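An overview of the molecular structure
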Amino acid sequence: EESGTSVHQFETSQGKITSFFSIFIPTEGYLVTPIIVNLNILLFVSMALTGVNLMMPDIESMLAWGANYRSMTLEGQWWRLLTSCFLHFGIIHLLFNMYALVYIGLILELRMGSVRFLAAYLLTGIASSIASLYWNDLTVSAGASGAIFGMYGVFLAMLTTNLIDKAARQAFLTSIIVFVVYNLLGGLRDN
């Protein structure tokens with residue numbers, strides 16, 4: 001009976017998306033995801049309104065808005081570990097990340113609860129920012145990709161439990177593999 005409930009909850013959460021614009025509207029069981037999406041878009045629009053290039057922002061602009069850069073972050077600007085998770089290197093970067101966030105948010109937020117979802121999102125985002133500092137001495141990093149990959153990791157872990165109906169696990173696993181492989185290949189291509 002428990003697995004039947006989880007399938008019903010997924011159907012209910014998907015039912016909340018009735019039009020394109022409904023992905024931006026917080027509802028019960030889908031509260032944090034649209035707020036994060038809206039915050040990312042609002043920040044991007046604010047950057048554009050101040051003259052930051054929509055397609056390929058320059059490094060100076062990204063640093064001014066809070067991108068993660070080892071020397072600045074480690075010399076007291078620790079807040080960059082978080083702010084960089086909401087900045088994007090152009091509109092294409094933003095759109096792909098928001099698409100992936102909405103997809104994983106629809107699946108996970110209802111199952112985890114909004115508070116746990118938000119905590120996991122922020123923790124995985126900060127952890128990815130720290131990892132970026134460790135591996136990249138001179139790279140300026142920004143984007144929600146680290147947090148989103150973290151949420152896909154949480155989802156992958158959930159697929160190993162009975163929290164998700166056994167019949168749905170294979171389809172979910174396939175979609176995760178496609179997402180991860182596509183993004184890893186894209187990341188390798190872009191160095």
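The sections below set out a description of the structure shown in this document. The structure displayed is predicted, hence computed values, not measured ones.

The rules behind the values
- Residues numbered from 1 in each chain as written.
- Predicted model: local features only at pLDDT ≥ 70, side-chain atom pairs only at ≥ 80, totals over all residues.
- Heavy atoms only, no water.
- Core = buried A, V, L, I, M, F, W, Y, C linked by side-chain atoms within 4.5 Å.
- Buried < 20%, exposed > 50% of the residue type's maximum accessible area, 1.4 Å probe, protein only.
- Helix = DSSP H or I, 4+ residues; strand = E, 2+ residues; numbered from the N terminus.
- Phe/Tyr/Trp six-rings, centres within 6.5 Å; stacked < 30°, edge-to-face > 60°.
- Expected span 1.5 Å × (residues − 1).
- Bend = angle between axes of the 7 residues up to and from the residue.
- Axes fitted to C-alpha atoms, helices over the stretch in contact; angles between N-to-C directions.
- Parallel < 35°, antiparallel > 145°, perpendicular 65-115°, else oblique.
- Left-handed = near helix turned anticlockwise from the far one by under 90°.
- Contact = heavy atoms within 4.5 Å.
- Nonpolar A, V, L, I, M, F, W, Y, C, P; charged D, E, K, R; others polar.
- Salt bridge = Lys/Arg side-chain N within 4 Å of Asp/Glu carboxyl O.

Within the largest apolar cluster, 33 residues are counted, with the highest numbers of intra-cluster contacts made by Leu101, Leu108, Tyr121, Ile148, Met151 and Phe155. Among the elements of the structure, helix H2 (32-49), helix H6 (91-112), helix H7 (114-135), helix H8 (145-158) and helix H9 (166-189) are those that each provide at least two residues to this core. Looking at this core element by element, the count peaks at ten residues for H6.

For the structure on display, the rule yields four aromatic pairs. Note on Tyr134 and Trp135: the rings are 5.6 Å apart at their centroids and 80 degrees apart in plane angle, and the pair reads as edge-to-face. With respect to burial, Tyr134 and Trp135 carry one shared label: exposed. Here the aromatic rings of Phe155 and Phe172 are separated by 5.1 Å at their centres, their planes lie at 75 degrees, and the arrangement is edge-to-face. Separated by 17 residues along the polypeptide, Phe155 in helix H8 and Phe172 in helix H9 bring together distant segments of the chain. Both residues of the pair, Phe155 and Phe172, belong to the buried class. Pairwise contacts between aromatic rings join Phe20, Phe21 and Phe24 into one cluster.

Our next topic: H6. Here H6 is 22 residues long and its end C-alpha atoms lie 29 Å apart, about the 32 Å a rise of 1.5 Å per residue gives. Approximately 40 degrees is the largest bend angle found in H6, and it occurs at Gly105. Positive phi shows up at Gly113, right after H6, with a value of about 95 degrees.

It is worth spelling out the packing of H6 against H7 at this point. Where H6 contacts H7, the two axes come as close as 7 Å, and the packing angle between them is 130 degrees. What the angle tells us is that H6 and H7 run oblique. Handedness of the crossing formed by H6 with H7: right-handed. Contact with H6, carried on its side by Leu101, Ile104, Gly105, Leu108, Glu109 and Met112, involves Ser114, Arg116, Phe117, Ala120 and Tyr121 of H7 and no other residues of that element. Considered class by class, the residues forming the contact of H6 with H7 number seven nonpolar, two polar and two charged.

By secondary structure assignment, the location of Pro26 is in the loop between helix H1 (2-15) and H2. Sequence separation between Pro26 and Asn38 is twelve residues; the distance between their C-alpha atoms is 10.0 Å. Those residues in contact with Pro26, other than ones at most four positions away along the chain, are Leu31, Pro34 and Ile35.

This part is about the pattern of salt bridges. Under the criterion given, the structure shown has one salt bridge. Of the charged contacts in the structure, one is a salt bridge between Arg70 and Asp137, with a shortest N-O distance of 2.7 Å. Taken as a pair, Arg70 in helix H4 (residues 70-74) and Asp137 in the loop between H7 and strand S2 (140-141) lie far apart in primary sequence, 67 residues in all. A residue is classified by how much of its surface remains accessible, and Arg70, at 28% relative accessible area, is partly exposed. Among the residues examined, Asp137 registers a relative accessible area of 49% and is labelled partly exposed.

Another aspect to go through is the packing of H2 against H7. Packing of H2 against H7 brings their axes to within 9 Å, and their N-to-C directions diverge by 40 degrees. Between H2 and H7, the crossing angle belongs to the class labelled oblique. Residues Val32, Thr33, Ile36 and Asn40 of H2 lie in contact with H7, whose contacting residues are Ser114, Phe117, Leu118 and Tyr121. Residue composition of the contact of H2 with H7, by class: five nonpolar, three polar and no charged.

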